[in-house]
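Close look at the chain arrangement
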Amino acid sequence: MAEAASVLYSFFTTTTLLWLFIGVGVGLIIGLLPGLGTIPVYGILIPFTLHLNVLETIALMLGIKGVTDTSGPITSVLFGIPGQSGAQATVLDGYPMSQKGEADRALGAAYMASLLGGCIGAVVLALSIPFLRAIMMIFGLPEFFALSVVGIVLVSIVSSGSMVKGLMAGCAGALLGLVGQNPQTATIRWDFGQLFLLDGLPRVAIFVGMFGIPELIDLFVKGTSVSDVPFFPSFKKIYEGARDCFRNWGLLFFGTIMGLFLGAIPGLGGGRISWICYGLARAFAKGAAETFGKGDVRGVIVPEAANNSEEPGMVIPTMAFGIPGSPTMAMFLVALSLHGIQPGRTLFLEHFDVVLTIVYVLFVANIIGAATCLLFTKQLSKLTSVKADVLVPMLLVLIVLAAYQSDVGDLVVLFSSGFMGWLMTRFRWPRAPLVLALVMAPMMEQYYVLTALRYETLEWLARPIVIVFLVLAILIILSGIKQLREWIEKVCGRLVPR
Amino acid sequence: MKFKLASSLYTALFLFFFAGALWTSKDWPWAARALPWFLAIPGLALSSWQLGSDFLWLFKKAHKEDEGTIMDISVSSDAFTPVGLQRTRKIFCWIGAFIISIWLLGLLIVSPLFVLFFLLFEAREKWWVAMLYGTAVVAFMVGFLDQVLHVPWLPGVLFTALGF
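The shown structure was predicted, so the numbers you read here are calculated from the model rather than taken from an experiment.

Definitions and limits used
- Along each chain, residues carry numbers from 1 onward, in the same order as the chain's sequence is written.
- All chains are assigned letters beginning at A, and all ligands numbers beginning at 1, according to the order in which they are written.
- Residues qualify for local features only when their pLDDT is at least 70, as the model is predicted, and side-chain atom pairs are given and counted only at 80 or more; totals for whole chains, interfaces and linings, by contrast, use all residues.
- Labels follow the DSSP assignment, with helices taken as runs of H or I lasting at least four residues and strands as runs of E lasting at least two, numbered in each case from the N terminus.
- As a rule, residues whose C-beta atom has 12 or fewer other C-beta atoms within 10 Å are exposed, those with 20 or more are buried, and those in between are partly exposed; C-beta atoms are placed from the backbone.
- Here the contact rule is simple: place C-beta atoms from the backbone, and any two residues whose C-beta atoms are within 7 Å are in contact.
- Take the residue count of a helix, subtract one, and multiply by 1.5 Å to get its expected span.
- Axes here mean lines fitted to C-alpha atoms, for a helix over just the part in contact, with angles spanning 0 to 180 degrees between N-to-C directions.
- Any angle that falls under 35 degrees is termed roughly parallel, while one over 145 is termed roughly antiparallel, one within 65 to 115 roughly perpendicular, and all others oblique.
- Following the grouping adopted for this structure description, the nonpolar residues are Ala, Val, Leu, Ile, Met, Phe, Trp, Tyr, Cys and Pro, the charged ones are Asp, Glu, Lys and Arg, and the polar ones are all others, Gly among them.
- Segmentation of the chain into domains, including their bounds, is taken from an automatic or database domain assignment.
- The pLDDT value tells you how sure the predictor is about a given residue, anywhere from 0 up to 100.

1. Considerations on the overall build of chain A
Scanning chain A from terminus to terminus reveals 24 helices and 2 strands. Expressed as a percentage of the 498 residues in chain A, the buried residues total 60%. Of all intrachain contacts in chain A linking residues separated by at least 6 positions in sequence, the fraction that spans at least 24 positions is 81%.

The structure is reproduced here in structure tokens:
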């Protein structure tokens, strides 16, 4: 306790706080710009951190990482363009809220969910430090595979309203996700002789194209503004959105804990966590089947709480075992190693102050990040009232820059997926199953291959966590089948008049 | 009728996609083609079913099977009005011109020019407003993406051909 207080005292020095503020500022800007992740910024900052001490390095780097998902929902909510991968699922309910003139409420809910998710995540991270090893050791290859099965069956949930088209979109998305090298045989699948396809299709280009371009075209066609109704942003509505988080505290807590837990599993980032949480909330929350996807504030709260608590979760394997939870965490580890800090047992025994600083930084960064965003929400919400003809060229350039990763192929994929997404919206095909399957399928294949190689028999199916996940998958399928059954009844009712 | 036909054609596109996935993966080792087949075969079956349903809808005026609300952002109904169709054509022309210009001149030059021309000729904004937005794009691309992040820009085909 004395050590915690001492570290807290040293944390609140002028220079550490200054670097934290700089980090939060940079993180918020990164979150605002679709497609720009923390990786290139970390790449620039690592050599620079050699001039800082360890605490300042942590304040700067985790200050950035801790809040990118706080400002990530801004473009998702205002324009339907996912700011960060974690904000993809937020588009589905956030943008319809903007269209209804509730952008301020949606943003208020998103910030409060992000704030609470991040802060609760940091506290749980602090409390879980003594049990980290035990928590991490229960996760092996079969558990990863079973979890990816849970992710992929969520396709049946997000296909509601058009089950056949949704499942088809899911199959197509999963096939697109398999482009590139097969993990077992190294067979190159559907690369068409293009080097950039060896690593698979550029996902950012697909997400931004699939969701951004159709909304942009729709906005231009309407010719008005994002908001369909006269819109006067007010702090009252922002406050209303924040209060929504407390009204739905169960879902908020669910998103936070799931985000933290799934974030601790290496390799699960890239938007998967918020999709899984969104899908599960859609499957099991009361009345969600009817309201999700139509501007339900709960559809904003769950993914936003999850993607902010994911950051403390990612710190767990990184610091406890030296297993980075994401490429960004790998770079953070590099920065710490330049200061002589090694993860693992010695970190907890000899540099416990570093661990505590991480917790403090994540906690404080989330507060500063959410407060800064809240301050500008009223102004940002006004963007939904700007006429389409002015917004469209700026957004189109932003989309292109978001998708462009140094290859012309990125732009080809962007515009192809944009056109495909536009046709899907025209012909009433749900886009979420395609995107969800696209992110989950490669992971499922990879972990299945590794599990099959590691275990010669099916003994892994008897592992407790695997059983829990598979039961959850079955429950999700049953929930989907309920819709399937309704659909069959509808079709049969038409074929055989009663 | 046109819309229904287009919708059926779109479903047919998925059918060809799944058939193509199956066909092109047939010579791969089993481990590499297992999951693609596991996905493409049901995909093919579902798209055949959907296509059948679409054709039924097309010719027999049967009730469409999926009239329920899909879980996605709803699009504006303005798109089907004559003005909407005209504006749809217009935006596709702008996007097409943007793509071709990027290919010819490169991203760095075209992006601010696109914003400038769009605001001048489509949005009918005042020239100084268009210039302001264009300059903001230049500042962001050159000042941040180019100078800070060192983003490697696409060279335009035209410049490459001319030896620049």
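2. Digging into the overall build of chain B
Scanning chain B from N- to C-terminus turns up 6 helices and 0 strands. Buried residues in chain B amount to 27% of all 164 residues. Residue pairs at least 24 apart in sequence account for 57% of intrachain contacts in chain B once pairs closer than 6 positions are excluded.

3. Examining helix α9 (residues 141-153) of chain A
Residue and element names in this part refer to chain A. Between the first and last C-alpha of α9 there are 19 Å, a value that for 13 residues agrees with the 18 Å anticipated at 1.5 Å per step. For α9, the tally of buried residues reaches 12 of 13 residues, placing the bulk of the element in the interior. Taken together, the buried positions of α9 are Pro142, Glu143, Phe144, Phe145, Ala146, Leu147, Ser148, Val149, Val150, Gly151, Ile152 and Val153.

4. A closer look at the packing of helix α12 (residues 203-222) of chain A against helix α21 (residues 388-403) of chain A
All names here are of chain A. For the pair α12 and α21, interaxial distance at closest approach is 10 Å and the crossing angle is 170°. Judged by the inter-axis angle, α12 sits roughly antiparallel to α21. Mapping the contact onto sequence places Val204, Ala205, Val208, Gly209, Gly212, Ile213, Leu216, Leu219, Phe220 and Lys222 in α12 and Ala388, Leu391, Val392, Leu395, Leu396, Ile399, Ala402 and Ala403 in α21. Residues of the contact of α12 with α21, tallied by class, amount to 15 nonpolar, 2 polar and 1 charged.

5. Remarks on the interface of chain A and chain B
If you look at the interface, chain A gives 58 residues, while chain B gives 56 residues. When contributions to the side of chain A that touches chain B are tallied by element, the ones reaching two or more residues are α3 (38-49), α6 (88-99), α11 (163-177), α12, α21, α22 (408-426), α23 (432-454) and α24 (464-495) of chain A. Its residues assigned to classes, the side of chain A that touches chain B shows 35 nonpolar, 12 polar and 11 charged.

6. Topic: the domain arrangement of chain B
Parsing chain B into structural domains produces domain 1 (2-59) and domain 2 (81-161). A separation of 37 Å is found between the C-alpha centroids of domain 1 of chain B and domain 2 of chain B.

7. Notes on the environment of B:Gln147
Residue and element names in this part refer to chain B. Position of glutamine 147 relative to the elements: it lies in the loop between α5 (127-146) and α6 (157-161). For glutamine 147, a count of 10 C-beta atoms within 10 Å translates into the label exposed. Separated by 57 residues in sequence, glutamine 147 and lysine 90 place their C-alpha atoms 35 Å apart.

8. Points about the environment of B:Trp153
All names here are of chain B. By the element assignment, tryptophan 153 lies in the loop between α5 and α6. Residue tryptophan 153 is classed as partly exposed on the basis of its C-beta count, with 15 C-beta atoms lying within 10 Å. In this structure, the C-alpha to C-alpha distance between tryptophan 153 and leucine 108, residues 45 residues apart in sequence, is 6.6 Å. Residues contacting tryptophan 153, with those up to four places away along its chain left out, are Gly106, Leu107 and Leu108.

9. A word on helix α14 (residues 249-263) of chain A
Residue and element names in this part refer to chain A. Here α14 spans 20 Å end to end across 15 residues, near enough to the 21 Å set by a 1.5 Å rise per residue. Across the 15 residues of α14, 11 count as buried, placing the element largely inside the fold. Within the sequence span of α14, burial applies to Leu251, Leu252, Phe254, Gly255, Thr256, Met258, Gly259, Leu260, Phe261, Leu262 and Gly263.

10. Remarks on the confidence of the model for chain B
Close inspection of predicted coordinates is inappropriate for parts of the model with low pLDDT. Residue and element names in this part refer to chain B. This prediction gives chain B a mean pLDDT of 84; 85% of its residues lie at or above 70. Put simply, α6 is where chain B has its lowest mean pLDDT, 86, and helix α4 (residues 107-122) is where it has its highest, 93. Scored by ipTM, the complex comes to 0.89, with pTM at 0.78.

11. Comments concerning the environment of B:Leu9
All names here are of chain B. Within the element layout of this structure, leucine 9 appears in helix α1 (residues 2-24). Judged by the 13 C-beta atoms lying within 10 Å of it, leucine 9 falls in the partly exposed class. Linking leucine 9 and phenylalanine 144, residues 135 residues apart in sequence, is a C-alpha distance of 44 Å.

12. Some remarks on unusual backbone geometry
Residues and elements named next belong to chain A. The backbone of alanine 186 shows a phi angle near 65°, a positive value even though the residue is not glycine. Positionally, alanine 186 belongs in the loop between β1 (180-181) and β2 (188-189). Take alanine 186: there are 9 C-beta atoms within 10 Å of it, and that puts it in the exposed class. Its identity as a non-glycine residue notwithstanding, arginine 428 has a phi of 60°, on the positive side. In this structure, arginine 428 sits in the loop between α22 and α23. For arginine 428, a count of 19 C-beta atoms within 10 Å puts it in the partly exposed group.

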